[in-house]
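Letter by letter, the chains look like this.
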Amino acid sequence: MLNRIKSSLVNRPKIYWIFVALVLIAEVVAFALRPNSPGLYTHNAQYLPLLISIPFLFFRNIRKNYKPTLYAFALLSFLFLALDYNIGDTNKVGHAGLIQIILTSCPIGLFWLILFARWNFRHIKTRESRTALILSCFAWGLFALAYPPMPLGPAALLILVPWFIVLNRFSRGQALFATFWSGMLYNTINYYWIYNVMHVETAPSGLILFGLFLLIAFFSAYNTLAGYIYTLAKDAPAKLRPILLVLYPVFYAGLEMTRTYGDFAFPWSHLGYVFGNSLELLQMLPYIGIFGYTILVVASNQAVAHTLCKVQDIKKAIPVLAVPVAIFVLLLVQGTIVLSKAEAQPFYGDESDSNPSIALVQPSIAQGAKWSKDRFDSIVNKTLGMVNDSIQEHADLIVLAETAIPDHIRRQPGVIERLHQVADHKDAQLLAGALDYRRNPRGSIRKFDIYNASFLFTPGISKFPQRYIKKHLVPFSERIPFDEVFPILNYVDLGEGDFVAGKETPVYQPFHWTPYICYDAIFGDLVREAIREGSRLMVNITNDGWFGRSTAPYQHLNLIRYRAIENGMPVARLANSGVSAFIDQYGHFDKNTEIFTDRVVQRKVPLKTRDTLYSHIGDTVEISLLLFFAVYLLTALISAIRRRKAC
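Below you will find a few notes about this structure.

### Details of helix 12 (residues 241–257)
Then comes step 1: Given a rise of 1.5 Å per residue, 17 residues ought to cover 24 Å, and the 24 Å separating the end C-alpha atoms of helix 12 matches this to within 8%.
Then comes step 2: Maximum bend of helix 12: about 50°, positioned at Tyr248, with proline Pro249 one to four residues after it.
Then comes step 3: Within the span of helix 12, buried status applies to Leu244, Leu245, Tyr248, Pro249, Phe251, Tyr252, Ala253, Gly254, Leu255, Glu256 and Met257.

### Things to note about the pattern of salt bridges
Then comes step 1: Following the criterion strictly, the structure yields 16 salt bridges and no others.
Then comes step 2: Among the salt bridges present, the one from Arg528 reaches Asp619, with a minimum N-O distance of 2.8 Å. A residue pair is termed long-range when its members are at least 10 positions apart, and Arg528 in helix 18 (residues 524–532) and Asp619 in helix 20 (residues 613–646) qualify at 91 residues.
Then comes step 3: The buried category is assigned to Arg528, whose relative accessible area is 0%.
Then comes step 4: Relative accessible area serves as the criterion here: at 21%, Asp619 is assigned to the partly exposed category.
Then comes step 5: When the shortest N-O distance is used, the salt bridge between Arg573 and Asp544 registers 3.0 Å. Placement of Arg573 in strand 11 (residues 571–575) and of Asp544 in the loop between strand 10 (537–542) and helix 19 (552–567) is noted, with a sequence separation of 29 residues between them. By the burial criterion, Arg573 is buried, and Asp544 matches it.
Then comes step 6: Here the residues in one salt-bridge network are Arg528, Arg532, Asp619 and Glu622, joined through shared partners.

### Thoughts on the state of the cysteines
Then comes step 1: Taken as a whole and judged by the stated rule, the model has zero disulfides.
Then comes step 2: Left unpaired, Cys137 is separated from the closest cysteine sulfur, that of Cys309, by 18 Å.

### A closer look at the nonpolar core
Then comes step 1: Ranked by size, the top nonpolar core spans 129 residues in total, and within it Phe143, Tyr248 and Leu271 carry the most contacts.
Then comes step 2: The biggest single contributor to this core is helix 11 (residues 205–234), with 11 residues.
Then comes step 3: If sequence neighbours within four positions are ignored, Leu271 has contacts with Trp140, Phe143, Tyr147, Leu160, Tyr186, Tyr252, Glu256, Thr294, Val297 and Val298.
Then comes step 4: Ranked by size, the runner-up nonpolar core spans 29 residues in total, among them Met386, Leu400, Ala428 and Phe455.

Thresholds, definitions, all that
- Residues numbered from 1 in each chain as written.
- Predicted model: local features only at pLDDT ≥ 70, side-chain atom pairs only at ≥ 80, totals over all residues.
- Heavy atoms only, no water.
- Helix = DSSP H or I, 4+ residues; strand = E, 2+ residues; numbered from the N terminus.
- Expected span 1.5 Å × (residues − 1).
- Bend = angle between axes of the 7 residues up to and from the residue.
- Buried < 20%, exposed > 50% of the residue type's maximum accessible area, 1.4 Å probe, protein only.
- Salt bridge = Lys/Arg side-chain N within 4 Å of Asp/Glu carboxyl O.
- Disulfide = S-S within 2.5 Å.
- Core = buried A, V, L, I, M, F, W, Y, C linked by side-chain atoms within 4.5 Å.
- Contact = heavy atoms within 4.5 Å.

Just distances and angles here, no functional claims.
The structure is reproduced here in structure tokens:
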């Protein structure tokens, strides 16, 4: 490879090296003239490399070597962008020119888009690629309809068979073409509801729509990577191939794990979440967790497709065709046995004096009006009025939704006093969502740290309430990813919330319960952390009103149900606009509300008494899946490289 690179560089025409030299000089000049101020800036000197480059387009040898010329331009631009970011900033914030960023990313980005368009056009013209696309879209489109509240859950054990047939029978290029675009269909059906954010978010609608397209394309890249690695596994050397194929479902679960950690974490649509409409099918969660269900789904579809591709006589395939039936029956029988036990009856033992009575207040405040200053008083009055008028029986805990107080709570001392009065009058703890802030020292990048938080008001205690800060912030909606790694990102304003994540997982007394805000509660590691600290109840407050009348509130509720069963952890869940519900440690629902209705629901909730295997081993399993993903990926890639060299 080194010899090939050396030969390629030696054979470049002289005009190419003149181009590189002049662009290098232009970059040095622009770098020397840059301002030395932290953050993002514009400076006309950074146009110089582009102005130097344009005349070279008239040279035939440059046009013939367009790709290496463009890569050289992008590489030089990136190197000086990195130097600009890292050198000379005494505040350690970093600084970079917007013009330099655009010139670094846009030309090469447009070039890749052109190549991608040509690749797609070439495939769409061929009958085989179109057939692969139809089969893959059929599979992934139906799979998207398997998630609750849609009805196809158990069929997920067979739905992906056409996709695996495509991976087995078609060329790699055809399979990847079909996988990417079927992934776009699948993820569009899964995440179309983000479109509703355009109606209430502060960012421009066009920017949100473009961001949604990028998000769907990003998630579709995961589908494409999964398909690509499968094609490498099936083409691996004979001795390695069976091992890679057998372990592929575990690799897929590891791929899903990569969406669970880090600043881009968004573990919303793991394949195993499809069974949420049937409580019996979920009772294996305490043993194998959500990723065990993903492994079952992938293994079932893969086994059937592999057999159909290999055998000529359908009768010989019958034993393998029984795999999805066997998995379904196993889950159904095991779940039925578990739920037949006395302690597994809905909300078993709920009337015990040791269990708290919890009231959930769902005011269904329209998201578009929620942050209107003119409506602040009416919103607070409505919410607290529902507390005073609709909670007749004694409640140990009254729960108000995420940002039930639509402001920074420290700016509303009168509201704080009213919340204390409500807690005292009702003789109940009161949990309310609101924003909070902390002023930073002069010279900090941020003047304020802003928090999405909840506050616990306790009767008889007049001091500032106990605070929990949301730990997992929604990427690009509540913060720019990696803004702590690259502080300059704090200067980027795309209309996001710009929040700071919390670090603590509290356990409140006297009932040993832990608050979770929004999709905090879908992260299993946070639930297991609270259990280790002695928590026996999850109280999840959220505001799914962002997503309108869509499948999103029901999808979110399904994910919370999985966490409850997986860890034997009861849940009291309040959503501003629904669905609010109580969930016991076996996953039974009660008091489910309709979306966009004003409701107050109350009941006694039995605390955690069920110890599950996965709550003990979950961290180890999930870290092991990440490591396995990396090892499997490297093994498949190295095997492919060696095979290519051998050919």
